[in-house]
Amino acid sequence: MSQNKKRIVIKIGSSSLTSAHGEISRRKLEKLVDEVVRLKDDGHEVLLVSSGAVAAGYRKLGCLERPSTLPEKQAAASIGQGLLMESYSDLFLSHGYMGSQILITRSDFSDENRYNNARNTINVLLERGIIPIVNENDTITIDRLKFGDNDTLSAKVAGLVDADQLIILSDIDGLYDADPRKNSDAKLLDKVHEITPEIEAAAGDPGSAVGTGGMKSKIDAFKISMASGIASFLGKANTPNIVYDAVYGDAVGTYFEITTDSENLDQKKQWIAFNSGPEGKVIIDHRAKETVVDMKQSLMPGNVHHVTGRFEKGAVVRIQDLDGEEIGLGVVNYSSEQMKNMINLTEPELESYDKAAVEQKDFVCHLEVSMPVGV
Ligand SMILES: Nc1ncnc2c1ncn2[C@@H]1O[C@H](COP(=O)(O)OP(=O)(O)O)[C@@H](O)[C@H]1O
Ligand SMILES: N[C@@H](CCC(=O)OP(=O)(O)O)C(=O)O
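What counts, and at which threshold
- Residues numbered from 1 in each chain as written.
- Chains lettered and ligands numbered in written order.
- Predicted model: local features only at pLDDT ≥ 70, side-chain atom pairs only at ≥ 80, totals over all residues.
- Heavy atoms only, no water.
- Helix = DSSP H or I, 4+ residues; strand = E, 2+ residues; numbered from the N terminus.
- Rg over C-alpha atoms; globule rule 2.2 N^0.38 Å.
- Buried < 20%, exposed > 50% of the residue type's maximum accessible area, 1.4 Å probe, protein only.
- Contact = heavy atoms within 4.5 Å.
- Pairing = 2+ DSSP bridges.
- Axes fitted to C-alpha atoms, helices over the stretch in contact; angles between N-to-C directions.
- Parallel < 35°, antiparallel > 145°, perpendicular 65-115°, else oblique.
- Left-handed = near helix turned anticlockwise from the far one by under 90°.
- Nonpolar A, V, L, I, M, F, W, Y, C, P; charged D, E, K, R; others polar.
- Polar contact = N/O pair within 3.5 Å; in protein donor to acceptor, adjacent residues only side chain to side chain.
- Domains from an automatic or database assignment.

Take the overall build of the protein next. Looking only at helices and strands, the protein features 13 helices and 13 strands. Against the globule reference of 21 Å for 375 residues, the protein gives a C-alpha radius of gyration of 22 Å, in line with a compact fold. Along the first, second and third principal axes, the C-alpha set of the protein runs to 70 × 45 × 40 Å. For the protein, buried positions account for 52% of its 375 residues. A separation threshold of at least 6 residues defines the contact pool for the protein, and within that pool the share at least 24 residues apart is 72%.

Another point: the sheet that holds strand β9 (residues 281–284). With mixed pairing, the five strands of this open sheet are ordered in space as β10-β9-β11-β12-β13. Looking at which strands have only one partner, the edges of the open sheet turn out to be β10 (304–308) and β13 (358–365). The sheet shows a mean angle of 30 degrees between the axes of neighbouring strands, direction not considered. Bridge analysis of strand β11 (residues 316–321) against strand β12 (residues 326–332) gives five bridges, and the strand direction is antiparallel.

This part takes up the packing of helix α6 (residues 150–160) against helix α10 (residues 267–275). Running from N to C, α6 and α10 point in directions that differ by 160 degrees, and their axes come no closer than 10 Å. With respect to α10, the element α6 is oriented roughly antiparallel. With respect to the hand of their crossing, α6 and α10 are arranged in left-handed fashion. Facing K156, G159 and L160 of α6, the residues of α10 in contact are Q267, Q270, F274 and N275. A class-by-class count of the residues in the contact of α6 with α10 yields two nonpolar, four polar and one charged.

The next thing to look at is the sheet that holds strand β4 (residues 131–136). Each strand in a sheet pairs with its neighbour through backbone hydrogen bonds, running either in the same direction (parallel) or in the opposite one (antiparallel). Taken in spatial order, the eight strands line up as β3-β4-β2-β1-β5-β7-β8-β6 in an open sheet, and their pairing is mixed. This sheet does not close on itself; its edge strands, each paired only once, are β3 (99–104) and β6 (191–192). Here five bridges tie strand β1 (residues 7–12) to strand β5 (residues 165–170), and the two strands are oriented parallel to one another. Residue I10 lies in a different strand from β5, and its bridge partner there is I167. Lying on the sheet, α6 is in contact with β1, β2 (45–50), β3, β4 and β5; it crosses β4 at an angle near 135 degrees.

What follows is about α10. Burial runs high along α10: seven of the nine residues are buried. Residues K269, Q270, W271, I272, A273, F274 and N275 constitute the buried set of α10. Two to three positions downstream of the cap, the backbone nitrogen of K268 sits 3.2 Å from a side-chain oxygen, assigning the N-cap of α10 to D266.

The next point concerns the domain arrangement of the protein. Domain annotation for the protein reports domain 1 (7–268) and domain 2 (278–370). Between the C-alpha centres of domain 1 and domain 2 the distance comes to 36 Å.

Our next topic: the packing of helix α1 (residues 26–41) against helix α3 (residues 70–94). Here α1 crosses α3 at 45 degrees, and the two axes come no closer than 10 Å. As judged from the angle between their axes, α1 and α3 are oblique. Where α1 crosses over α3, the two elements pack in a sense that is right-handed. Counting all contacts with α1, which are made through R26, L29, E30, L32, V33, V36 and V37, the residues of α3 involved are S87, Y88, D90, L91 and F92. The residue inventory of the contact of α1 with α3, partitioned by class, reads eight nonpolar, one polar and three charged.

This is how it looks when you write it as structure tokens:
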């Protein structure tokens, strides 16, 4: 990749793509496509995470307003996703570019092989100049297994493809220090280096009937992107040239900047922290906690106090202290049964277990990502 060529992930929300009647607005789609085309013409790689399937489909399903039951939303998405892709494909082709559809479920990401496979596929598309268009596979995913909103999905996808920038477009021109609907004095924050508890408290619910995540889910997304070392931006979708200006640093909106102090989890740790879905718990005492967190050493078999749940070697588990406080997540080198067997062994007896229980390279500390990991 040449010095100025960037890999950019752009997420656009339902409210920014649909008309007041809830159907896809051709004008809004054209504006977005025009901006993506400008970036492509400049040589950048662009991936879109586009919402809008439910909003685009519910009227054609015969519902007068956005449905609230899961089966109806899924049926609406089944209609709307096709319409959405048809419009994107037509528009990109009219500029000489090709779009491609990628529908993802959370279980695709919780399986490390499928996660890596998704990365390889998307890399091929991006390297060949295609514009991958990602959405959650709404039609078949059951509620419990949903990403739920496309904000966090976009941050996870940005991490997956090792993007240089994540741009989230919404119906508001950035992050305010209070919910602007409830506080007329709320001020736009143009730069954020850290998601503080104050910022979390200021982030409220969706601003429209078609939006799902609100500012809360955007903040969760920015926590993920920042922990993954990805510079990010939040701005208003209908501002002229917003995407282009966001890439070149001149846009009105909120820039989430990466500093030298920022965490920059490698891809394995990103997968452990944000995608894996932990299976059981390994409980350790306070001395072992110091070893793992402060001294940054691996967790040895002798450090394991007890385990709960069943897991196999290679699983991701929650690591907690004796008070039940979450320390982090890690990949275990032994199954739960093996760990239960090793607990009452003496030092010499433990010598037959020559591997760490959890290696430091496979451990993500809760503090490193300033959020409960594995959610
Ligand atoms: N602190 C805040 N700063 C900006 N917007 C906020 C804040 N708290 C709540 N919001 C609301 O979040 C909305 C954007 O989220 P959402 O409706 O889910 O949009 P989208 O469909 O673009 O994902 C804004 O319209 C705004 O009303
Ligand atoms: N996957 C759903 C959108 C879910 C979602 O996050 O919506 P939004 O809050 O508008 O970004 C759809 O395409 O309708």
